[in-house]
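Report on the structure
The chain contents come next:
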Amino acid sequence: MPRPPVRALLCPASLKGVLSARVAAAALARGVRATDGEAVELPIADGGEGTADVLHAVLGGSWRESVVSDPLGRPHPARWLVLPDGRAVVEAAAAIGLPLLAPRERDPLVASSRGLGELALAAMRELPPAVLVGLGGSATVDGGAGLREVLRALPVPTTVLCDVRTTLADAARLFGPQKGASA
């Protein structure tokens, strides 16, 4: 009796600077389809790298680009998304992401979240009805101090997209070492 074809729901998150969630899902799907299986691609994100890309794949929208400060204050082009309903999506990973720094540059006492504030400000200039802010994947542990230097208030409703398993109190201890902090 022949075996039924494999049916797979493929839901990868990004592979930290190696593959986006969308590209990973497509690669997995090619493998499943090569064996005559059925594949449904549904990339996911937790507010970190690739969150806007995943939302774009599902909801559509249009990309914008703004030059912002990277974690060390250097100019860096960062993409952000306007959804079809007008909401803006900005990601910390796009503006102040860990992959923007070479390992030897990672310094939690110097890295700033200022670029995320600049990116949010660029999005606010388009007068969106609301903003979604992905907080994962940053190279900083400044608690948003740099962001607050640029953006003193949020003039529209703002929703934060983040990993809900980690408390703010634990974030620096858990994620600080990947950003160059000692234990």
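Residues numbered from 1 in each chain as written. Predicted model: local features only at pLDDT ≥ 70, side-chain atom pairs only at ≥ 80, totals over all residues. Heavy atoms only, no water.

Another aspect to go through is the pattern of salt bridges. By the definition in use, this model includes 11 salt bridges. Between Arg-165 and Asp-163 there is a salt bridge, with the nearest N and O atoms lying 3.2 Å from each other. Judged by relative accessible area, Arg-165 falls into the exposed class, the value being 71%. Each of the salt bridges in this network shares a partner with another, and the network as a whole consists of Asp-70, Arg-74 and Glu-105. (Salt bridge = Lys/Arg side-chain N within 4 Å of Asp/Glu carboxyl O. Buried < 20%, exposed > 50% of the residue type's maximum accessible area, 1.4 Å probe, protein only.)

In space, the 5 strands of this open sheet follow the order β3-β4-β5-β6-β7, with mixed pairing throughout. Both edges of this open sheet fall to β3 (62-69) and β7 (158-161), since each of them pairs with a single strand only. Taken over all neighbouring pairs, the strand axes of this sheet differ in orientation by 25° on average, direction set aside. Together, β3, β4 (75-82), β5 (88-91), β6 (131-134) and β7 form the strand contacts of helix α2 (residues 51-59), whose direction differs from that of β5 by roughly 150°. (Pairing = 2+ DSSP bridges. Helix = DSSP H or I, 4+ residues; strand = E, 2+ residues; numbered from the N terminus. Axes fitted to C-alpha atoms, helices over the stretch in contact; angles between N-to-C directions. Contact = heavy atoms within 4.5 Å.)

The next thing to look at is the nonpolar core. Counting 19 residues, the largest nonpolar core has Ala-78, Trp-80, Val-90, Ala-95, Leu-116, Leu-119 and Val-131 as its most contacted members. For this core, the secondary structure elements donating two or more residues are β4, β5, α3 (92-96), α4 (114-124) and β6. Dropping the residues within four chain positions of it, Leu-116 is found in contact with Val-90, Glu-91, Ala-92, Ala-95, Ile-96, Val-133, Leu-135 and Leu-147. (Core = buried A, V, L, I, M, F, W, Y, C linked by side-chain atoms within 4.5 Å.)

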